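What the coordinates show
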Amino acid sequence: MDDNDLKEQVVQALKSVYDPEIPVDIYELGLIYDIKIYPVNNVYVQMTLTSPSCPSAGTIPTEAEQRIREIEGVNDVQVELTFDPPYSQDMMSEVAKLELGFM
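This write-up is about the structure you can find in this document. Since the structure is predicted, the reported quantities are computational estimates derived from the model, not experimental observations.

Here we look at the nonpolar core
Among the nonpolar cores identified, the biggest contains 29 residues, and Val10, Ile26, Val45, Met47 and Ile68 are the most heavily contacted of them. If one sorts the elements of this core by residue count, helix 1 (residues 3-14) sits on top with 5 residues. Excluding anything up to four places from it in sequence, Met47 contacts Ile26, Leu31, Ile32, Tyr33, Ile60, Pro61, Ala64, Val79, Glu80, Leu81 and Thr82.

Right, here's the structure in full:
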């Protein structure tokens, strides 16, 4: 499996994680800032939440990490939470904006 294949599988795994308050996955919401694949299939994800006081702050990053760990061949996963830059609705994909009625 090459890095591009693994990265695509990571994206698909992240698309299966939802903010419980919003009917759109965390990838389409724009909560994923960065995905890096390091040698021996180590995955690094930098993400944010819709707000620092998000009630799901503890569960969303943990669920994202668990979904990535389920991908066959993944060695290790690190999910880093950041609030810089702060999240804004501009980060949503067009899919998310349509789903939530912003378009």
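Quick look at the sheet that holds strand 1 (residues 32-38)
What holds strands together in a sheet is hydrogen bonding between their backbones, with the strands either parallel or antiparallel. Pairing in this open sheet of 3 strands is mixed, and the strands run 1-2-3 from one edge to the other. Taken across any chain shown, the strands that pair with only one partner, and hence form the sheet edges, are strand 1 and strand 3 (76-81). Strand after strand, the sheet turns through a mean of 15° between neighbouring axes, direction not considered. Note: strand 1 against strand 2 (residues 42-47), 6 bridges, orientation antiparallel. Looking at strand 2, one finds that Ile37 is bridged to Val43. Packed on one face of the sheet, helix 1 meets strand 1 and strand 2 and runs near 145° to strand 1.

A look at the pairing of strand 2
Walk down a regular strand and you will see the side chains alternate between the two sheet faces. Adjacent in sequence and paired antiparallel, strand 1 and strand 2 are bridged by 3 residues, among which Val40 carries a positive phi angle near 65°. Pairing between strand 2 and strand 3: 6 bridges, direction parallel. Residue Asn42 lies in a different strand from strand 3, and its bridge partner there is Asp76. With helix 2 (residues 59-69) bridging strand 2 and its parallel neighbour strand 3, the resulting β-α-β unit is right-handed.

Some points on the packing of helix 1 against helix 2
Two quantities define a packed helix pair, namely the angle between the helix axes and the distance between the axes. Where helix 1 contacts helix 2, the axes come no closer than 9 Å and their chain directions differ by 135°. What the angle tells us is that helix 1 and helix 2 run oblique. Crossing angle aside, the handedness with which helix 1 passes helix 2 is right-handed. Between helix 1 and helix 2, the contacting residues are Val10, Ala13 and Leu14 on the first element and Ala64, Arg67 and Ile68 on the second.

Quick look at helix 2
Those residues of helix 2 that sit buried are Ile60, Pro61, Ala64 and Ile68. Buried residues of helix 2, viewed axially, fall in a sector of 100°; they line one side.

Procedures and definitions
- Residues numbered from 1 in each chain as written.
- Predicted model: local features only at pLDDT ≥ 70, side-chain atom pairs only at ≥ 80, totals over all residues.
- Heavy atoms only, no water.
- Core = buried A, V, L, I, M, F, W, Y, C linked by side-chain atoms within 4.5 Å.
- Buried < 20%, exposed > 50% of the residue type's maximum accessible area, 1.4 Å probe, protein only.
- Helix = DSSP H or I, 4+ residues; strand = E, 2+ residues; numbered from the N terminus.
- Contact = heavy atoms within 4.5 Å.
- Pairing = 2+ DSSP bridges.
- Axes fitted to C-alpha atoms, helices over the stretch in contact; angles between N-to-C directions.
- Right-handed = clockwise from strand over helix to strand, strands pointing away.
- Parallel < 35°, antiparallel > 145°, perpendicular 65-115°, else oblique.
- Left-handed = near helix turned anticlockwise from the far one by under 90°.
- Arc of directions from axis to C-beta.

Don't take any of this as a statement about function, it's just geometry.
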